[in-house]
Amino acid sequence: MSPDARLRATFDVAAETYQDARPDYPRALYADLLAITGLRPPARLLEVGCGPGKATVPLARMGFPVTAVELGPALAREARRRLAGFAGVSVVTSAFEEWEPAAGDRFDLVYAATAWKWVDPAIKYDKAARLLAPGGHLAVWNADHALPVGFDPFFAEIQKVYEEIGEGHPGPWPPPEDEVDPIAAEFAASGRFTVVAARRYLWALRYTADAYLALLDTFSGHIAMEPDKRAHLYGEVRRLLAARPDGRLTRHWSAVLTVGRRS
């Protein structure tokens, strides 16, 4: 497991707030996913790390049967609550590394939304390939902070606070945008998947101080942060935004969808 994998259980404490605090993934992402894979209901989907159902609900609404595997008990309970109206959806409380379907069960798509990096790299690609039907696909996407040209200067100001409390970004800041999709390279290196598409999506959202702090409370690094550091940081967020006429910031988001076909 990577060192960051120690943090993967922290999200469970944000089970009640995660769904509303985190952004929805772009509609274009789902449209591209279906166009690339050619999937239509009743194709069977397996989601790795569903959280409270952020990426499960949109696909369930389209009529797909989904088996969703979630490590956190509180997150799994929240996902079951939100997905209770979909007869074809089941939520299993388990680590993906340990979970096994019923004998002979295979899926047409295995997917993970902002969760794949938390799965053991020594296991995840081989296991995903084993659980897919012939011709099946693996799709991975995320939602990351983007800092395009002209990004909100709030983030330069608050970065100084992160550095003051010893939580600064490693390496250069602002971090350069990757021109190469690292997940696509992982797919290829696994020897189990052929990358068939990669798409990037960029969007921006406006946040009040309360909404932005609710978002930060869903990030593993902030959940695990020492209370005194977190209190100081959050106080500075409020101070900086209180000085603005509308009290809001603009945060840009980036998502990269990578789709591979089982080799």
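Quick caveat: nothing in here was measured; it's all calculated off a predicted structure.

Draft legend 1. Region of the structure containing the layout of surface pockets. Size it by volume and the second largest pocket reaches roughly 310 Å³. In terms of lining, the second largest pocket is formed by 13 residues, of which the most central are Asp24, Lys54, Val57, Pro58 and Arg61. At the level of secondary structure, the elements contributing two or more residues to the lining of the second largest pocket comprise helix H2 (27–37) and helix H3 (56–61). The residue makeup of the lining of the second largest pocket, split by class, is seven nonpolar, one polar and five charged.

Draft legend 2. The pairing of strand S8 (residues 248–262), seen in detail. Burial runs high along S8: 11 of the 15 residues are buried. For strand S5 (residues 132–141) and S8, the ladder comprises four bridges, and the chain directions are antiparallel. Bridging across to S8, Ala139 finds its partner in Val259. Judged from the three bridges that link them, strand S6 (residues 144–146) and S8 form a sheet pairing that is antiparallel.

Draft legend 3. Geometry of the side chain of Glu78. Among the structural elements, Glu78 can be located in helix H4 (residues 73–82). On the accessibility criterion, Glu78 (9% relative accessible area) is buried. Within polar-contact distance, the side chain of Glu78 engages the side chain of Arg81 at 2.7 Å. Not counting the four nearest positions on each side in its chain, Glu78 is found in contact with Ala15 and Pro52.

Draft legend 4. Fine view of the environment of Leu257. With respect to the helices and strands, Leu257 occurs in strand S8. When the C-alpha atoms of Leu257 and Pro174 are compared, they prove to be 23 Å apart, with 83 residues separating the residues in sequence. In this structure, Leu257 is in contact with Leu29, Asp32, Leu33, Ile36, Ala139, Val140, Trp141, Ala197, Ala198, Arg199 and Tyr201, ignoring residues within four places of it in sequence.

Draft legend 5. Region of interest: the packing of aromatic side chains. For the structure shown, the criterion picks out 15 aromatic pairs. Centre to centre, the rings of Tyr111 and Trp141 are 5.5 Å apart; their planes meet at 0 degrees, and the pair counts as stacked. Placement of the pair is Tyr111 in strand S4 (residues 107–113) and Trp141 in strand S5, with a sequence separation of 30 residues. Both residues of the pair, Tyr111 and Trp141, count as buried.

Draft legend 6. Spatial organisation of the nonpolar core. Formed by 54 residues in total, the largest nonpolar core has its most connected members in Tyr111, Trp141, Phe154, Ile158 and Tyr212. Discounting residues that sit within four places of it in the chain, Trp141 has contacts with Tyr25, Leu29, Tyr30, Leu33, Ala55, Tyr111, Ala112, Ala113, Thr114, Val256 and Leu257. Formed by 20 residues, the second largest nonpolar core is a distinct cluster that contains Trp99, Phe107, Val119 and Ala128.

Draft legend 7. Quick peek at empty space enclosed by the protein. For the structure shown, the criterion picks out one cavity of 30 Å³ or more. Taken together, Tyr18, Arg22, Pro23, Tyr25, Lys54 and Ala143 form the lining of the largest cavity. Its residues placed into classes, the lining of the largest cavity shows four nonpolar, no polar and two charged.

Draft legend 8. Layout of the pattern of salt bridges. The full count for this structure, using the stated rule, is 13 salt bridges. Asp126 is paired through a salt bridge with Arg192; the nearest N and O atoms lie 3.1 Å apart. Of this pair, Asp126 sits in helix H5 (residues 124–131) while Arg192 sits in the loop between helix H7 (182–190) and strand S7 (193–208), placing them 66 residues apart in sequence. A residue is classified by how much of its surface remains accessible, and Asp126, at 39% relative accessible area, is partly exposed. Residue classification places Arg192 among the partly exposed residues on the basis of a relative accessible area of 31%. The residue Asp246 makes a salt bridge to Arg206 at a minimum N-O spacing of 2.3 Å. With Asp246 in the loop between helix H10 (227–242) and S8 and Arg206 in strand S7, the pair connects residues that are 40 residues apart, well separated along the chain. You can call Asp246 partly exposed: its relative accessible area is 41%. We classify Arg206 as partly exposed; its relative accessible area is 42%. Salt bridges here are not isolated pairs; linked through shared partners, they connect Glu78, Arg81 and Arg82.

Thresholds applied
Residues numbered from 1 in each chain as written. Predicted model: local features only at pLDDT ≥ 70, side-chain atom pairs only at ≥ 80, totals over all residues. Heavy atoms only, no water. 1 Å grid on protein atoms, 1.4 Å probe; cavity = no way out; pocket = protein on both sides within 12 Å on 5 of 7 lines; lining within 4 Å. Points joined across faces, edges and corners; volume = space filled by probe spheres on them. Helix = DSSP H or I, 4+ residues; strand = E, 2+ residues; numbered from the N terminus. Nonpolar A, V, L, I, M, F, W, Y, C, P; charged D, E, K, R; others polar. Buried < 20%, exposed > 50% of the residue type's maximum accessible area, 1.4 Å probe, protein only. Pairing = 2+ DSSP bridges. Polar contact = N/O pair within 3.5 Å; in protein donor to acceptor, adjacent residues only side chain to side chain. Contact = heavy atoms within 4.5 Å. Phe/Tyr/Trp six-rings, centres within 6.5 Å; stacked < 30°, edge-to-face > 60°. Core = buried A, V, L, I, M, F, W, Y, C linked by side-chain atoms within 4.5 Å. Salt bridge = Lys/Arg side-chain N within 4 Å of Asp/Glu carboxyl O.

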